[in-house]
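Report on the structure
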Amino acid sequence: RRGGGGNDADKVVLRLSDMELLILDEADRLLAMGFRATLTDILACLPKQRRTGLFSATMGTGVSELARAGMRNPRRVTVAVQSA
């Protein structure tokens, strides 16, 4: 929540240790924008037992490394368009 000033009532505390589900959409774009270290730090704070969805238009080396670092048994689903 956003709030004005330093009012403690406007602050929200998020405990990453309580997270059960993590969704990373546009993972390739997050990496391209320089968020690799931030994502790694967040993943390190999350519980090992969680569900993770990682979505990306491209599966470059960075996205593959992120999947290996942040997922226990990653599965890759590829969607291809067929010409008629």
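Summarised in this report is the structure supplied together with it.

Take the overall build of the protein next. When helices and strands are counted, the protein shows 3 helices and 2 strands. Starting at the N terminus, the α and β elements of the protein follow one another as β-α-α-β-α. Once the C-alpha set of the protein is aligned to its principal axes, its extents read approximately 60 × 30 × 25 Å. Split into buried and exposed, the 84 residues of the protein put 21% on the buried side. In the protein, of all internal contacts separated by at least 6 residues, the share reaching a separation of at least 24 is 63%. Carbon and sulfur atoms form 52% of the exposed surface of the protein, whose accessible area is close to 7,000 Å². Where the 13 positive side-chain charges of the protein centre and where its 9 negative ones centre are 5 Å apart.

With that settled, consider the pattern of salt bridges. Counting across every chain of the model gives 2 salt bridges. Between Arg15 and Asp18 there is a salt bridge whose closest N-O contact spans 2.8 Å. For Arg15, a relative accessible area of 56% puts it in the exposed group. Judged by its relative accessible area of 45%, Asp18 is partly exposed. The residue Arg36 makes a salt bridge to Glu65 at a minimum N-O spacing of 3.6 Å. Placement of the pair is Arg36 in helix α2 (residues 36-45) and Glu65 in helix α3 (residues 61-70), with a sequence separation of 29 residues. Arg36 gets classed as partly exposed once you look at its relative accessible area, which sits at 41%.

Within the span of α3, buried status applies to Gly62, Val63, Ser64, Leu66, Ala67 and Gly70. Its buried side turned inward, α3 meets β1 (21-24), α1 (27-32), α2 and β2 (51-54).

Glancing now at unusual backbone geometry. Even without being a glycine, Glu26 presents a positive backbone phi close to 60°. Along the chain, Glu26 falls in the loop between β1 and α1.

Structurally, Leu31 can be placed in helix α1. Residue class for Leu31 comes out buried when judged on its relative accessible area of 13%. In this structure the C-alpha to C-alpha distance between Leu31 and Leu66, which are 35 residues apart in sequence, comes to 9.2 Å. Residues within four places of Leu31 in sequence aside, it is in contact with Arg36, Leu39, Gly62, Val63 and Leu66.

Turning to the nonpolar core, a few remarks are in order. Judged by nonpolar contacts, Leu22, Leu24, Ala27, Leu31, Leu39, Leu43, Leu46, Leu54, Val63, Leu66, Ala67 and Met71 together constitute the single largest core of 12 residues. Elements that contribute at least two residues to this core include exactly β1, α1, α2 and α3. Of all the elements, α3 adds the most residues to this core, at 3 residues. Ignoring sequence-local partners within four residues, the contact set of Ala27 consists of Leu54, Phe55, Ser56, Val63 and Leu66.

Definitions and cut-offs
- Residues numbered from 1 in each chain as written.
- Predicted model: local features only at pLDDT ≥ 70, side-chain atom pairs only at ≥ 80, totals over all residues.
- Heavy atoms only, no water.
- Helix = DSSP H or I, 4+ residues; strand = E, 2+ residues; numbered from the N terminus.
- Buried < 20%, exposed > 50% of the residue type's maximum accessible area, 1.4 Å probe, protein only.
- Contact = heavy atoms within 4.5 Å.
- Areas by Shrake-Rupley, 256 points an atom, 1.4 Å probe, with all protein chains shown as cover.
- Lys, Arg positive; Asp, Glu negative; His and termini not counted.
- Charge placed at Lys NZ, Arg CZ, Asp CG, Glu CD.
- Salt bridge = Lys/Arg side-chain N within 4 Å of Asp/Glu carboxyl O.
- Core = buried A, V, L, I, M, F, W, Y, C linked by side-chain atoms within 4.5 Å.

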